[in-house]
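# Commentary on secondary and tertiary structure
Listed below are the residues making up each chain.
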Amino acid sequence: MNTRSEGEDPALSAFRGFSGGVLAVHAHPDDETLSTGGLLAAFAAAGLPVRVVTCTRGERGEVIALAGTTSEGRAGLEGDGPALGAYRETELARALVALGGGVDGAVEQVFLDMLPRTYAQVNGVAGADSGPVAGPVSELAARVVPGPTAGSAVPVRYEDSGMEWVAPGVAGPAPDSPPTAFARVPLDEPAGRLATLIRERRPAVVATYEPGGGYGHPDHVRAHEVTVRALRLAADPAWRPGGGEPVRGGEPGGGVGRPDEPWAGAALWQAVAPATEVRVARATLADLPEATALAAAEGLTPADPHEDLPPFARNDLPGWSAGPQVIGTSDHRSPDELPIMSVGRGVGRVGGERIVRLDVGGVLGRVVAAMRAHATQVQHATALPQAVGPVAGWYALSNGVLAPILTTETYVVVDPLT
């Protein structure tokens with residue numbers, strides 16, 4: 001049971017046990033908001049540590065340049081990778097302040113290639129470029145070879161790999177991605193850096209995309225692979241970024257550790273959504289007069305509720321319900337039979353997987369403000385005064401498709417060591 005003290009805010013009581021906070025790993029600036037904005041804002045509102053690791057600067061992104069926004073007059077950035085990347089860094093900084101409720105530093109951020117390369121990078125592992133390897137992590141760590149000087153910064157820059165649309169809402173690799181593209185960097189180079197940060201920060205939750213990268217972008221897929229590998233390395237006593245003998249790790253529960261202390265206390269939360277919920281939300285949005293008027297005026301296309309959905313939408317998850325959602329202890333039940341935490345609409349198991357559902361209503365203003373900060377990438381971000389079904393608002397990307405902001409974020413909790 002998820003008990004709380006008398007007088008304790010029920011919107012915050014469910015965060016007990018997450019004192020280590022959340023560390024989110026994302027491919028480009030704006031992904032932290034679009035994929036996990038509610039989660040980051042909720043943890044920040046609860047006063048818990050929130051950290052974002054960004055893998056690239058989004059140098060190959062398209063630019064919207066919409067009049068009346070901070071992107072107005074910025075069309076010339078498109079195609080100029082260094083200039084666009086530098087500008088998107090400023091957008092990211094503003095978005096993180098918004099997610100933190102206007103408090104600078106409430107959400108920390110670092111670019112993955114700015115983390116120090118470890119003293120013992122993992123090299124020469126069979127299948128390293130294809131994703132996490134099978135078998136015990138200690139077998140992987142046994143093949144570690146010495147790297148450069150401990151803690152040294154390596155002049156490496158992970159660049160946006162680019163993409164092309166291969167189906168409605170689904171991306172694939174760009175045919176002209178450069179050798180420095182993040183998706184082409186050997187997996188263990190970024191994983192070693194991230195593993196050291198995980199050991200130092202000891203988060204309770206590490207959040208990223210599901211294996212399909214949300215919608216198939218190669219950098220999103222790579223970010224998932226890097227995150228899984230890093231969690232396995234961070235947990236293994238035989239892997240030592242600083243050399244020397246293996247040591248015993250600290251106890252779970254958060255705090256700050258050392259790079260040579262194993263940390264296995266983080267749960268991997270993968271951002272997903274029930275396919276039925278996505279379809280209902282799209283159909284609901286298409287019937288909202290305000291949304292249809294905006295689409296007609298701005299030349300936007302409402303998202304099609306009947307088309308094939310990207311990988312993040314899963315058919316095996318229970319969807320939104322019109323019934324009452326009680327916020328309280330875990331002995332309450334929602335209409336979809338998932339137990340409820342006060343953080344949101346439920347924590348339960350589906351097919352052996354643990355599912356977390358987070359109601360974003362309390363932090364919706366923060367999320368929409370963060371979307372607006374990413375004005376070269378996101379347009380017309382709007383929050384409804386009151387949710388309509390599963391729709392809390394809407395936004396569009398450079399593809400001109402008006403998409404719903406869901407009232408609930410859904411995560412599959414995965415054991416990264418299995």
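Residues numbered from 1 in each chain as written. Predicted model: local features only at pLDDT ≥ 70, side-chain atom pairs only at ≥ 80, totals over all residues. Heavy atoms only, no water.

This brings us to unusual backbone geometry. Phi at A65 is positive, roughly 55°, even though this residue is not glycine. Within the secondary structure, A65 sits in the loop between β2 (50-54) and α3 (81-99). Taking the relative accessible area as the measure of exposure, A65 reaches 23% and is therefore partly exposed. At H380, a residue that is not glycine, the phi angle is positive and equals roughly 55°. Within the element layout of this structure, H380 appears in strand β12 (residues 379-388). Look at H380 and you get buried, because its relative accessible area is 19%. (Helix = DSSP H or I, 4+ residues; strand = E, 2+ residues; numbered from the N terminus. Buried < 20%, exposed > 50% of the residue type's maximum accessible area, 1.4 Å probe, protein only.)

Let's shift gears to the pattern of salt bridges. Summed over all chains, the structure comprises 13 salt bridges. Two residues, R57 and E89, come together in a salt bridge whose shortest N-O distance is 3.2 Å. Of this pair, R57 sits in the loop between β2 and α3 while E89 sits in helix α3, and the two are 32 residues apart along the sequence. For R57, a relative accessible area of 4% translates into the label buried. A salt bridge links R282 to E307; the nearest nitrogen and oxygen atoms lie 3.2 Å apart. (Salt bridge = Lys/Arg side-chain N within 4 Å of Asp/Glu carboxyl O.)

Before going further, it helps to examine the pairing of strand β5 (residues 170-173). Sheet topology places strand β4 (residues 163-167) next to β5; four bridges connect them, and they run antiparallel. Residue pairing in the sheet places W165 in a bridge with A171 of β5. The antiparallel hairpin formed by β4 and β5 contains two residues in its connecting segment, where G169 sits at a positive phi of about 75°. (Pairing = 2+ DSSP bridges.)

Our next topic: the sheet that holds strand β14 (residues 401-406). What the four strands build is an open sheet, ordered β8-β14-β13-β12; its pairing is mixed. With partners counted over all chains shown, the strands left at the sheet margins are β8 (301-302) and β12, one partner each. As judged from the four bridges shared by β12 and strand β13 (residues 391-396), these two strands associate in the antiparallel manner. By the bridge assignment, Q379 is partnered in β13 with A396.

Another aspect to go through is the packing of helix α2 (residues 31-45) against α3. Running from N to C, α2 and α3 cross one another at 40°; their axes reach a closest spacing of 9 Å. Regarding the angle of α2 to α3, the classification is oblique. On α3, the residues touching E32, T33, G37, L40, A41 and A44 of α2 are L92, A95, L96 and L99. Of the residues assigned to the contact of α2 with α3, the class counts are seven nonpolar, two polar and one charged. (Axes fitted to C-alpha atoms, helices over the stretch in contact; angles between N-to-C directions. Parallel < 35°, antiparallel > 145°, perpendicular 65-115°, else oblique. Contact = heavy atoms within 4.5 Å. Nonpolar A, V, L, I, M, F, W, Y, C, P; charged D, E, K, R; others polar.)

Another aspect to go through is the nonpolar core. Counting 42 residues, the largest nonpolar core has V22, L39, F43, L99 and W269 as the members making the most contacts within it. With near-sequence residues (within four places) excluded, L39 lies in contact with V22, A207, W269, L358, E409 and Y411. If you look at the next biggest cluster of nonpolar residues, it comprises 29 residues, including L194, V206, A223 and V228. (Core = buried A, V, L, I, M, F, W, Y, C linked by side-chain atoms within 4.5 Å.)

Bringing helix α9 (residues 289-298) into the picture now. Taken together, the buried positions of α9 are A291, L294 and A295. Projected down its long axis, α9 shows its buried positions confined to an angular sector of 100°, all on one face. Of the exposed residues in α9, the ones pointing more than 90 degrees away from its buried face are P289, A296 and A297. For α9, the secondary structure elements touched by its buried residues are α8 (275-286), β8, β12, β13 and β14. The positive-phi residue at the C-terminal boundary of α9 is G299, with phi of around 70°. (Arc of directions from axis to C-beta.)

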